[in-house]
Structures are given as C-alpha cells and as structure tokens.
Amino acid sequence: MANTRNVCVIGSGAAGLITAKTLLDDGFDVEILSRDNSAGGVWSANRVYPGLYTNNVNGEYQFSALPMRPLSKERPSGTEMCQYMGEFAHRFLEGKIRFNTQVLNIRRNGLGLHGWIIAARNTINGGEEQRSYDAVVLCSGGCSEPRIPLGLSAADAASAGFNGPVVHASHFSSQVEDILSRVRPVSHANPGRIVVVGGGKSAQDIAAYLANEGRSVSVVFSTADTVIASPITLPHFIRKSRLLTLMSPHIHLRTRFEQFLHTTWLGSKIVHGFLSALAWCSLKFLSVPSSSPLSNSYSMFWGVRTNDEGGPRPNRFHSLVNSGKIKLVAPSRAKRFGHDGRSIILADGRVVEADALILATGFNSSWEGLFDVDTAQELGIDKHTIAPVTASESEWGSYKSIGNPPKTLADDIEPRGLLLYHGMVPARNISRRDFAINGAVYTANPAYVFEVSSHWISSYLLSDPFLRIPSPEEAAAQCERETEWMNIRYPGILNWANESFSTRINFWDYPQLVDDLLEEMSLPIMRTGGNWFTWPFIPLSTQEFKTLGAERAELRSAI
Ligand SMILES: Cc1cc2nc3c(=O)[nH]c(=O)nc-3n(C[C@H](O)[C@H](O)[C@H](O)COP(=O)(O)OP(=O)(O)OC[C@H]3O[C@@H](n4cnc5c(N)ncnc54)[C@H](O)[C@@H]3O)c2cc1C
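Reading guide: rules and limits
- Residues numbered from 1 in each chain as written.
- Predicted model: local features only at pLDDT ≥ 70, side-chain atom pairs only at ≥ 80, totals over all residues.
- Heavy atoms only, no water.
- Helix = DSSP H or I, 4+ residues; strand = E, 2+ residues; numbered from the N terminus.
- Rg over C-alpha atoms; globule rule 2.2 N^0.38 Å.
- Buried < 20%, exposed > 50% of the residue type's maximum accessible area, 1.4 Å probe, protein only.
- Contact = heavy atoms within 4.5 Å.
- Areas by Shrake-Rupley, 256 points an atom, 1.4 Å probe, with all protein chains shown as cover.
- Lys, Arg positive; Asp, Glu negative; His and termini not counted.
- Charge placed at Lys NZ, Arg CZ, Asp CG, Glu CD.
- Near = heavy atom within 4 Å.
- Polar contact = N/O pair within 3.5 Å; in protein donor to acceptor, adjacent residues only side chain to side chain.
- Axes fitted to C-alpha atoms, helices over the stretch in contact; angles between N-to-C directions.
- Parallel < 35°, antiparallel > 145°, perpendicular 65-115°, else oblique.
- Pairing = 2+ DSSP bridges.
- Arc of directions from axis to C-beta.
- Phe/Tyr/Trp six-rings, centres within 6.5 Å; stacked < 30°, edge-to-face > 60°.
- Salt bridge = Lys/Arg side-chain N within 4 Å of Asp/Glu carboxyl O.
- Patch = residues over 30% accessible without salt bridge, like charges linked within 9 Å, V, L, I, M, F, W, Y side chains within 5 Å.
- Left-handed = near helix turned anticlockwise from the far one by under 90°.
- Nonpolar A, V, L, I, M, F, W, Y, C, P; charged D, E, K, R; others polar.
- Expected span 1.5 Å × (residues − 1).

### Quick look at the overall build of the protein
Move 1: Along its length, the protein carries 15 helices and 26 strands.
Move 2: Its C-alpha atoms give the protein a radius of gyration of 24 Å, within 12% of the compact-globule value 24 Å for 559 residues.
Move 3: With the principal axes as the frame, the protein shows a C-alpha extent of 75 × 65 × 50 Å.
Move 4: Buried positions account for 56% of the 559 residues belonging to the protein.
Move 5: By sequence separation, contacts in the protein at least 24 residues apart represent 73% of the contacts at least 6 residues apart.
Move 6: Accessible area for the protein stands at about 22700 Å²; split by element, carbon and sulfur atoms hold 54% of it.
Move 7: Counting 52 positive and 54 negative side-chain charges, the protein places the averaged centre of each group 6 Å from the other.

Structural data, given as structure tokens:
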C-alpha cells in the first residue's frame, strides 16, 4: 500500500535531492516541485558566484551514492558544488523534478480527508495550478527567502534617489555583471564604491570577489562570524573526525569522554580553553590584529556562526582587508539611503559613500505564507513559547560546560521553538504519517544529517515497524524538552536564525544527532568504529550510510 503513495518534495536543494532519492529507492512515487530552474538550491547555477567556497573540506559535502570527484583544492567551490548537485539530480532524479514551479499554498485535501492539495505557480508563464499528493516533505531550506532590512529595499533606494544597484546576496550571481559594469574600478580616474552589508561568510566572499575585480569595497557589520584557519591543511583525523564535534555538548551524553568534557570542571575548562585557543590562533594565522573589528566575533562555543577558511590566501577576505583593498566599517549597522543618492547612512549617523549596495543580511523563513493559520495550527507548525529556564534549574544542571552563558546572550533569551519531533515531524501530526521536513536542522555537516534524516523520514512515511514513533502527547513532551535544551544551549540564537533552518540546532554535535536517528531506526550507531582510544579520531563520511536502504529493507522483511 505504502509503496503506491505519491509524495511531493518541495525544493531541489541538497535536502530535497537526497530525500527524493531515498523515497524513490523505497518505492514511493515522487515529484519534486522547485521554483529554481536547475538543481542544487543554494548551490544551483543561478545562485553560485565566482569566489564562493564551502566551509566543508573535500569529501565532506557529498552523498553516499555519488562520491565527489577528487578536487585539486582543499574544499569545493560553489561551481563544483553546483556541478555535483546537477550530476546527482541527473543520475538519480531524471524526470522527477518540476522546475520553475513556485509553491504558493499547502493545505489538506479536506477536513478529515486523506492527502494534500498544493497550489503552485509557473514562474515562467505565471500559470497557476493545483496538484494533489498523499504526503508532503518540505525541503524549502533556510537560505532561500532573502531578508531585506527595513530602510534598505530597492523601493527605499528609489524614493531616496539612489540609482545604483541594490542586490541581496542570493541574487548576486545573476547581477554581478551589471554591478561590475556600473561601478568603475579603482584604476579609473573617478572610481565607484560598493558597500556590502553583513558580517557573515556571504558578505566576506562577495567583498573579496569584488575587491579582486579591482573595485573599492567597504563592509558594514556589527559582529563578524568566527573563523577557523590554520597554516597547514588539518589532517582528516582532526578535521573530519568526531574530535571537534565532541567539544559541543549534546542533549544527552552517550560516552564517558563526553561526560568528562561537559560535566566536570576540568572537562569544561578543556572545552572552553580549546575553542578559545582555536579562535585566537585562527585570527593570528590570518594576521588579524586584536584591534580589528574582525576580532569582535561570535563565540565558537555559544554561537553557530563559524566559518572554516583553511589556510590564508592572498586573494581571500582577511588578506584583502590586511592589504587595505577591503575597508571595514564596524561595528555599525546600515540604516537607510542618503538623500544625495550616493550614500548609505549608518545607525551611528556616519555616512558611507556608495554606488552599489549588496545586502548579505540573511534570510527569512521559507515557510512564511505557505500555510494558512488554520492549516499551520492543525498540522502543528505554529510557534510555541516555553517558560524561560536556566541551565542550573533544568535537567542539564550537571553540565558544567553550559553553566556560564555570556550575559548579553542570556539577557537576549526569547524562549520559543516549534514542536517538531527531531525537527522533522510536527508532534501534533505524528500519527498521520503524511508530512515531514528535511533540511531545517542547523548543522555544520548538512550532507551527513540530511542523508540519515531522509531514511528516517522514509521509514516514518512507510510506517516501518522498526522505527519507534511516540504518541502525539509523548512527542509533544519530547519536543518541549528538545526546545528547552536548544534555548539553554544556544541562548538567544532563535532570535537570529529563521525557523526554516533552526527547528533543531546541532551545529557541532551532528554525529550525536545522527546516532539518535539511527538508534531510533534500530540500526547500528557510531558506525566509524574504532577502539576506546581511536574512536574520536576516525574520519566521518556519508559512506557510512551507503547500505542504510538495504539494512532497513532487511529489518522490514525480518519483522
Ligand atoms: C552563500 C551560502 C553559502 C553556504 N555555504 C555553506 C557551506 O559552506 N557549508 C554548509 O554546510 N552550509 C552552507 N550554507 C548553508 C546551506 O543552506 C546548506 O548547506 C544547504 O545547501 C541547504 O540545503 P537545503 O536543501 O536545505 O536548502 P536550499 O539549498 O536553500 O534549497 C531550498 C530549495 O527549496 C526551493 N523553494 C523554496 N521555497 C519554495 C517554494 N515556495 N516553492 C518551490 N520551491 C521552493 C528553493 O528554490 C530551493 O530549490 C550556505 C548557504 C549560503 C546561502
């Protein structure tokens, strides 16, 4: 019965592609709806731009069915990721993706009835249609809906008489030629100026690209992302193993080593000392002086905004800042356009001259507007607020490593979350087995998490007996607990991260999350193996999951 069900996967990014492949392998009839015109989402041809590199080292951001070809550089570029995603879609999902199709609304087939109705618009001819499916897996991503700060939209630019391009980072790739043609290089007698707003990786990558193209670039930001850098390529037993991931406490501590690191005074000192030293050394390797606003970065332990730069290179952001080719205007925030039509006014009143503005200002939730209020409530993806609790008052009172959150973050707490079981299934809807989400867990290793999540989701939709699913009440209680943990572990973070990529935050502790999902599917965990000493040092890889489909099939036939 289950194998005849037709499933709509919304989105053709990494999460949508692996989810669709796993569901197809398990016998579902699958259709991907995507508003893009090629596969890859963030890594699609329209999104990637020259100078974009992943934080992930080679071999990390790939799915088990298609190992990435060996690359000459330490990490894949945006273009290489785009090629990889395109090849994955071509090999496994040919004819299954309906591109240029924007989903407008998702609703039940009728009160108490089976299935979903999806209203969609063709982005080329504007035609609208309704399609029905038995189940929906939402993979619309956390970085697909541009967030434009108040006062800095194209309409604000027009009313202030600002004639230059105003472009969100997600549209940079399609607009870059226009920007370069409209802003004269520094070699010109009358050069133009480009202002990039944002302290994150996109802002830095874009600023570096434009500076390398000979343009005058200023970057306005309040706090910069933390950076990891080293003079040599880190060996895989450090960079790709569990070692770094163990520095972050998980909701439960499975091993003695984790218990030592997070529940003892000495362990906590080691964790915080190690991460602070890593952040300090990285800035030293990149020759960032302590007086630089780039030193005012998010905490590596308490935050999730960490970029892996690898080794210093002359054409990268930090080197270009050091050589004066990129100017930093920080800490500050861009507020509005100046009335002279050639400037941006900052929150502190300063004026920055600008002929073009790039907004690397993040993303809104991609779910906003997809569900009407009644559907959101009935399904259980409406916002949920929880009572504020400190670590010491909670069940994690023995965790020494989280005992002392930075004051500013603790003050900033707005405890909320969504009651999504493992960040994937609304607790309220858990028994209906007709709706799930993949790609909404915030993690440093998306491929690793998305692939195992896709198997969990498939087993969930198939009602596989070996996947232990709680009742809606038990699931809601578990979600409350997970939400409380998330608010304690990353205080204030949910004020910043949009819902569609923060249903759970397992930034560093992704192997622990994956073990939880595997365990729930009655499958072997900690699949890298090793003995009592070596296990933290064995490199992780999605190759561990190559046989998951067959293992699940075997369990299914055994019951
Ligand atoms: C510039 C940039 C660099 C990044 N670098 C890294 C990195 O180095 N390492 C890392 O781990 N992560 C990185 N990320 C995070 C990145 O978001 C994830 O790695 C991953 O690509 C997310 O995949 P996804 O499938 O969840 O979402 P996406 O790739 O965003 O895919 C979402 C898909 O849903 C579609 N969609 C959305 N709404 C609708 C709708 N209403 N109707 C139809 N289709 C819809 C989109 O068009 C897209 O196809 C980066 C993000 C950005 C923006």
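### Things to note about the site of the ligand
Move 1: In the neighbourhood of the ligand, 33 residues make up the surrounding shell, with D36, N55, N56, Y61 and V103 lying closest.
Move 2: Contacts to the ligand include Y61, whose side-chain N or O atom sits 2.6 Å from an oxygen atom.
Move 3: Taking V103, its main chain carries an N or O atom lying 2.8 Å from a nitrogen atom of the ligand.
Move 4: For the ligand, whose free accessible area comes to 980 Å², the fraction covered by protein is 91%.
Move 5: Elements supplying a minimum of two residues to the shell around the ligand: α1 (14-25), β4 (101-108) and α12 (446-462).
Move 6: In terms of residue count, β4 provides more of the shell around the ligand than any other element does, 3 residues in total.

### Examining the packing of helix α7 (residues 256-263) against helix α8 (residues 265-285)
Move 1: Axis separation between α7 and α8 bottoms out at 5 Å; the angle between their running directions is 85°. Overall, the two elements α7 and α8 adopt an arrangement that is roughly perpendicular. Note on element contacts: α8 touches α7 through W265, L266, G267, S268, I270 and V271, opposite F260, L261, H262 and T263.

### Looking at the sheet that holds strand β9 (residues 166-168)
Sheet strands associate in pairs through backbone hydrogen bonding, adopting either a parallel or an antiparallel arrangement.
Move 1: Strand order in the open sheet formed by 5 strands is β9-β18-β10-β11-β14, and the pairing between neighbours is parallel. On the outer flanks of this sheet lie β9 and β14 (326-329), each paired with one strand and no other. Here the average twist between neighbouring strands, direction ignored, is 20°.
Move 2: Pairing of strand β10 (residues 193-197) with strand β11 (residues 216-220), which is carried by 5 bridges, proceeds in the parallel orientation. The residue bridging I194 from the neighbouring strand is V217, located in β11.
Move 3: Against the sheet, helix α4 (residues 172-182) touches β9, β10 and β18 (356-359), its axis set at about 155° to β9.

### Points about helix α15 (residues 548-558)
Move 1: The set of residues buried in α15 consists of L548, E551 and R552. Along the axis of α15, the buried residues cluster in a sector spanning 95°; they form a single face. Every exposed residue of α15 that faces more than 90 degrees away from the buried side is listed here: A550, E554 and S557.
Move 2: Taken together, the buried residues of α15 touch α1, α12 and α14 (510-520).

### Considering the packing of aromatic side chains
Move 1: All chains considered together, the criterion is met by 22 aromatic pairs.
Move 2: Between W456 and Y460 the ring centres are 5.7 Å apart and the planes differ by 15°, which places this aromatic pair in the stacked class. Separated by 4 residues within a single helix, W456 and Y460 lie in helix α12, roughly one turn from each other. Exposure class is identical for W456 and Y460. Each is buried.
Move 3: Taken together through their ring pairs, the aromatic side chains of F237, W532, F533 and F537 make up a single cluster.

### Overview of the pattern of salt bridges
Move 1: Inspection of the entire model under this criterion finds 36 salt bridges.
Move 2: Residue R552 pairs with D26 through a salt bridge whose shortest N-O separation is 2.6 Å. Note that R552 is positioned in helix α15 and D26 in the loop between α1 and β2 (29-33), a separation of 526 residues in sequence. No difference in accessibility class separates R552 from D26, as the two residues are buried.

### Focus: a nonpolar patch on the surface
Move 1: A surface patch of nonpolar side chains, about 330 Å² in accessible area, is lined by W265, L266 and I270.
Move 2: Summarising the element assignment, I270 is placed in helix α8.
Move 3: On the basis of relative accessibility, which here comes to 37%, the residue I270 falls in the partly exposed class.

### Things to note about the packing of α4 against helix α5 (residues 201-212)
Between two packed helices, what matters for the description is the angle formed by their axes and the separation of those axes.
Move 1: Interhelical geometry of α4 versus α5 gives an angle of 30° and a closest axis separation of 12 Å. The angle between the axes of α4 and α5 places the two elements in the roughly parallel class. Where α4 crosses over α5, the handedness of that crossing is right-handed. Contacts between α4 and α5 involve F172, V176 and L180 on the former and, on the latter, I206, Y209 and L210.
Move 2: Across the contact of α4 with α5, the residue classes break down as 6 nonpolar, no polar and no charged.

### Some remarks on the sheet that holds strand β15 (residues 334-337)
Move 1: Reading across from one edge, β15-β16-β17 is the order of the 3 strands in this open sheet, with antiparallel pairing throughout. Every other strand in the sheet has two partners, leaving β15 and β17 (351-353) as the edge strands with one partner each. Geometrically, the sheet is characterised by an average inter-axis angle of 30° between neighbouring strands, direction not taken into account.

### Comments concerning α8
Move 1: For α8, spanning 21 residues, the distance from its first C-alpha to its last is 30 Å, which sits close to the expected 30 Å at 1.5 Å a residue.
Move 2: All buried positions along α8 are accounted for by G267, S268, V271, L275, L278, A279, S282 and L283. Looking straight down α8, one finds that the buried residues subtend no more than 140° of arc, so they occupy a single side. Seen from the open side of α8, the exposed residues pointing more than 90 degrees away from its buried face are W265 and W280.
Move 3: On its buried face, α8 is in contact with β12 (226-229) and α7.
Move 4: Looking one or two places after α8, you find S287, whose phi comes out positive at around 55°.

### So, the pairing of strand β13 (residues 306-310)
Move 1: Extensive coverage of β13 is indicated by the burial of 5 of its 5 residues.
Move 2: A two-sided burial pattern is seen for β13, the buried positions comprising T306, D308 and G310 on one face and N307 and E309 on the other.
Move 3: For β12 and β13, the ladder comprises 4 bridges, and the chain directions are parallel. Bridge assignment links V227 to a residue of β13, and that residue is N307.

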